[in-house]
Amino acid sequence: MVGHIVTFVQHLQAHARQLPRLGRAGSAFLLALLLVMVGTGQALAQAPEGTANANPTLTTMLGITMGVLGVGLLTAVLISFVVWATGTRNPLIPTDEEMEHSFRRYFWFSVDHKVIGIQYFWTSLFFFFIGGLMALLVRWELAQPGLTFTPDQYNQFFTMHATIMIFLFIIPMLVGAFGNYAVPLMVGTFDMAFPKLNALSYWLVPPGALIIMAGFLAESGTAKAGWTSYPPVALQGGAGQMLWLLGVFVLGWSSIVGGMNFLVTIMNMRTKGVHYFRLPLFVWAIATTAVLAVLGTPSLAAAVTLQFMNIAFGFPFFDAAKGGNPLMWQHVFWFYSHPAVYIMILPAFGIVSEIIPVFSRKPLFGYRALVYATAGIGVLSFLVWAHHMFASAMFPWLRIPFMLTTMLIAVPTGIKIFNWLGTLAFGKIRLETPMLFSLALVSMFVIGGISGVFLGSVPVDLHLHDTYFVVAHIHYVLFGGSAFAIFGGIYYWFPKMFGRMLNESLGKIHFWLSFIGFNVAFLPMHAVGALGMPRRYADYDIAFTELNLTISIGAFLLGFAQLILIYNMLRAFQVGKVAPANPWNARTLEWLTTSPPPHYNFEEPLTVDHDPYDYGRRISSPEALPVPGD
Amino acid sequence: MGGIPFFPEQASTHAGRIDLLFLFLLVLTIFFTALVAVGIVYFAVRYRRRHADEIPPQTTGNTRIEVGGMVGLLGLSMVAFFWGAWLFVDLQQPPANTLEIYVIAKKWMWKYEYADGQQSINDLYVPVGQPVKLTMTSQDVIHSYFVPAFRVKQDVLPGRYTTLWFEATETGTYHLFCAEYCGTNHSRMVGSVIVMEPAEYEQWLAGGSGASADGEELFTSLGCASCHQTSGQGPGPSLVGVFGETVTLQGGETIEADATYIRTSILDPTAHVVEGFEPIMPTYEGQVTEEQLLRLLNYIQSLEQ
Ligand code: HEM
Ligand SMILES: [Cu+2]
Ligand SMILES: [Cu+2]
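Residues numbered from 1 in each chain as written. Chains lettered and ligands numbered in written order. Predicted model: local features only at pLDDT ≥ 70, side-chain atom pairs only at ≥ 80, totals over all residues.

### Here's the deal with the overall build of chain A
No. 1: If you tally the helices and strands in chain A, you get 20 helices and 0 strands.
No. 2: Among the 630 residues that make up chain A, the fraction classed as buried is 58%.
No. 3: Long-range contacts, defined as pairs at least 24 residues apart, comprise 81% of the intrachain contacts of chain A with a sequence gap of at least 6. (Helix = DSSP H or I, 4+ residues; strand = E, 2+ residues; numbered from the N terminus. Buried ≥ 20, exposed ≤ 12 C-beta atoms within 10 Å, placed from the backbone. Contact = placed C-beta atoms within 7 Å.)

### A look at the overall build of chain B
No. 1: When helices and strands are counted, chain B shows 7 helices and 12 strands.
No. 2: Scaling as 2.2 N^0.38, a compact globule of 305 residues should have a C-alpha radius of gyration of about 19 Å, whereas chain B reaches 27 Å, well beyond that.
No. 3: Oriented by its inertia axes, the alpha-carbon framework of chain B measures out at about 95 × 50 × 35 Å.
No. 4: For chain B, the proportion of its 305 residues judged to be buried stands at 34%.
No. 5: Of the contacts formed within chain B by residues at least 6 apart in sequence, a portion of 65% connects residues at least 24 apart. (Rg over C-alpha atoms; globule rule 2.2 N^0.38 Å.)

### Section: unusual backbone geometry
No. 1: Geometrically, the link from P231(A) to P232(A) is a cis peptide bond, its omega value of 0° lying close to zero.
No. 2: In this structure, P232(A) sits in the loop between helix 9 (205-213) and helix 10 (238-268).
No. 3: The omega torsion of the bond from K107(B) to W108(B) falls at -5°, within 30 degrees of zero and hence cis.
No. 4: Assignment of secondary structure puts W108(B) in the loop between strand 1 (99-106) and strand 2 (109-114).
No. 5: Within the chain, R361(A) stands out as a residue other than glycine whose phi angle is a positive 55°.
No. 6: With respect to the element layout, R361(A) can be found in the loop between helix 13 (346-360) and helix 14 (367-380).
No. 7: R361(A) sits in the buried class, given 23 other C-beta atoms within 10 Å.
No. 8: With phi around 60°, R536(A) is a residue other than glycine that occupies positive phi space.

### As for the interface of chain A and chain B
No. 1: Tallying the contact residues gives 75 residues for chain A and 71 residues for chain B.
No. 2: Where the side of chain A that touches chain B is concerned, the elements lending two or more residues are helix 7 (151-186), helix 14, helix 15 (399-424), helix 16 (433-456), helix 17 (458-464) and helix 19 (504-531) of chain A.
No. 3: When its residues are assigned to classes, the side of chain A that touches chain B shows 49 nonpolar, 15 polar and 11 charged. (Nonpolar A, V, L, I, M, F, W, Y, C, P; charged D, E, K, R; others polar.)

### Topic: the sheet that holds strand 9 (residues 172-178) of chain B
Residue and element names in this part refer to chain B.
No. 1: Taken together, 5 strands build an open sheet; the order of strands is 4-10-9-6-7 and the sheet is mixed. This sheet does not close on itself; its edge strands, each paired only once, are strand 4 (124-127) and strand 7 (152-156). Strand after strand, the sheet turns through a mean of 25° between neighbouring axes, direction not considered.
No. 2: The pairing of strand 6 (residues 143-147) with strand 9 spans 2 bridges and is classified as antiparallel. Looking at the pairing, Y145 lines up with C178 of strand 9.
No. 3: Sheet contacts for helix 3 (residues 198-206): strand 4 and strand 10 (190-196); angle to strand 4, the most-contacted strand, approximately 135°. (Pairing = 2+ DSSP bridges. Axes fitted to C-alpha atoms, helices over the stretch in contact; angles between N-to-C directions.)

### Considering the packing of helix 11 (residues 281-313) of chain A against helix 13 of chain A
Geometrically, a packed helix pair is captured by the angle between its two axes and the distance between the axes.
All names here are of chain A.
No. 1: Following both chains from N to C, one finds helix 11 and helix 13 inclined at 175°, their axes separated by 7 Å at the closest point. One way to sum up the angle between helix 11 and helix 13 is to call them roughly antiparallel. Between helix 11 and helix 13, the residues in contact are L281, F282, W284, A285, I286, T288 and T289 and L346, P347, F349, G350, I351, S353 and E354, respectively.
No. 2: For the contact of helix 11 with helix 13, the residue count by class is 9 nonpolar, 4 polar and 1 charged. (Parallel < 35°, antiparallel > 145°, perpendicular 65-115°, else oblique.)

### Here we look at the sheet that holds strand 8 (residues 162-167) of chain B
Strand pairing in a sheet is mediated by backbone hydrogen bonds. Such pairs are either parallel or antiparallel.
All names here are of chain B.
No. 1: Read across the open sheet, the 5 strands follow the order 3-2-1-5-8; overall the sheet is mixed. If you trace the sheet from one side to the other, it starts and ends with strand 3 (119-121) and strand 8, each paired once. Recorded for the sheet is a direction-independent mean angle of 25° between the axes of neighbouring strands.

### Comments concerning the nonpolar core
No. 1: Judged by nonpolar contacts, the single largest core of 270 residues is most densely connected at V283(A), M344(A), V352(A), L441(A) and V103(B).
No. 2: With 23 residues, helix 7 of chain A is the largest single contributor of residues to this core.
No. 3: When sequence neighbours within four positions are dropped, the list of residues in contact with V103(B) reads W110(B), Y112(B), L134(B), T135(B), M136(B) and Y145(B). (Core = buried A, V, L, I, M, F, W, Y, C linked by C-beta atoms within 7 Å.)

### Topic: the site of ligand 1
All names here are of chain A.
No. 1: Surrounding ligand 1, one finds 24 residues, the nearest of these being V341, I345, G452, L455 and H465.
No. 2: Those elements giving two or more residues to the shell around ligand 1 turn out to be helix 15, helix 16 and helix 18 (468-498).
No. 3: Looking at the shell around ligand 1, the element that brings in the most residues is helix 18, giving 7 residues.
No. 4: In terms of residue class, the shell around ligand 1 is built from 11 nonpolar, 12 polar and 1 charged. (Near = placed C-beta within 6 Å.)

Below, the structure written as structure tokens:
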């Protein structure tokens, strides 16, 4: 017996050295996760009587859900400990060998930016389909006047649709997936500046998402106050709303941590020869986005914390009945959320700025102008937030300065469109799928950008605010803009990420169905909105019937088209052509290495002596690419 | 009827002017959308790749065109700004002779209190050709008063008053929507605005129950009248003619005696103490309902010099 104990202790000592393998980041993270789970359960159990849904069954149920999740995790940690202490190999933890090569690295705390990028990629894509499902439920309800679902169900659908699309699809896909995968490669380095923080920012996403989704289990359902969560309505949302706030808080931290990491990486890790004005535009876009995330997201974190305290502990912050000020929420929320809309579009602009030169065989027209426009948009985006509040009870004359800044922000946006056209002119254009989606963004964003100017003009906005016109605007910029750029980015970088080419014909079908479905769905929304149909209506006046039916048909077509994308990807893994290192003959650095790249990206450190888009050079130094033919 | 397809009819003095600006922006949109679309299609066809080894001209930009484009865009956006600002300033201030109507929003209905004691629910009655000013508050969450045919919208908040004005130009019945998401039955929080000939309106009003008389009764029964004597001799300032005037407060600050000021003075009397008076008034917080507040307001407003 004693002998056993002695061996056990020796065992412990012998293995103590190996503790770091489990990863301090990993264990700290598990602990944090546990705390979040337990904390949620606690907070919900303690919600004071009188808040709308403080009924015992509900809080108990949620407490139990959280408890089960927490205990499950705890067990996993304990098993890991025992396994480690007894010297057997932990089946949960991949070996170093597996971390390098096997599929299992995607399910563990990898610190390789490419693995993290791919983790983000599949996670966001998964949520794109969940969010899309919610959208189709919304459009199903609105296809005809009258009610199919209950208003409360409907309200959950539109709230979860926007929440998922914004926080779990567009932001993590653009910044998390493409940013993570491409930025270190594009600046010619081997990884992000802080690989463990990088893993942390990814691993905050699943728990954040789970917490928000846990609302589906609650008796009163998920959050249903809209993605903007205006109090006092939001204060009556009960458990679903509290989960929403917690989840958004966790996701917010993911953005902040990720943003800092990108900034340091871009400032400090550029390889020799890559000075600031040799950075591809996508890197500039991610840098600007990172600044917005670092400066703006804390405001969101503060806002949701205050609202959580308001609901859970009865603080008066936004509660007019207790002397609080519901308008304050709108200011704090939009101070983050306007910059956030640029977090959602600048990387998309970045992707398009990569794709257009490659497929036109010309340098980006007005590279510096585009850099300045990106930075200018970044600065201005902090000065326009109140344009979301023109009809609120805000001090009336404040509307004029905010109208001015809003009109100004349209200028750098216009400059970008102009420069993309300039890149096309006199080029040698190939219309492959990435290019088609990019050109679609350019044309659709004109409509979305100018509809923003309608909304920025106070007298016009007082008519259009909170109608379907705003919904149309949002979708022209976020679907016609961000999502189209994401699709373009998928077709463009998929070969690099997975070593397989996507099928072009399927890509083109996907493109045309999406483009048509998109316009059938969202163009008529301008009209319904201008006619006066408010947004967030579960039912509507029969005058709006035909237009709504058209919209719903377009939406289902658009939804269907996305299945083709999935099919194309799955097919590529089976029978797709093996991708060469540089299938598009591009000049940015990610194409200098194999597809997919080796663990540390490049066989040896790079020295760069060319600009990212100089397609005209026939003779180049040995480090640069071979002849830019095609 | 409005001239723009897919636009609601124009039934207020605001409508035509806002639509003109809308139309201007619409023309800009169509112009730029067409320009970019034609540009893309033209370039895609004209400069489509022909041989593998032709090298297109490697232009990297053109500062002159760049600056020109920027100045052009800036010019256009400033036209939009000044037009919008001018129109906003012009439309923001109601004319002096407005008809005052009080609105209470609650989940999920609209209630109205008219000057002569008439009341109505969901449907607002107004005379044609006269500016109407709504003073609105909510009993619970934020709602928004939206009449598409008038091109007006204003959020309605709990705990404070917001105002909205319009002048109907056509008799008829128009949609009223709640535009700010207010929970479960948001989409059922709808009503009509019924615009009538002035004579007809007078007749409708006369059917009322005399709520400003109610206001007077409240003024006495709540004990307001004992301090705020019309003679000005009481311990509180006389309220005759105070509505809409500028009041000097202790410390020399001045404030306009609008609906919000009167509301605050009733619910939180020490917030604004009138110069020359002691802060002795008790608070009526919790003792008067939103409706009673509006009736008091109605009454105070009717106290002409
Ligand atoms: C030319 C640039 C833009 C201008 C002038 C502009 C202007 C506006 C204005 C004034 C509103 C408030 C409308 C209202 O609630 O009445 C608005 C709403 C919105 N905009 Fe933009 N916008 C622009 C670009 C963008 C971009 C690039 C995005 C995102 C990719 C975006 C996303 C949104 C969203 C999501 C909302 C709705 C927020 C809500 O749910 O209430 N906008 N925009
Ligand atoms: Cu905004
Ligand atoms: Cu409402």
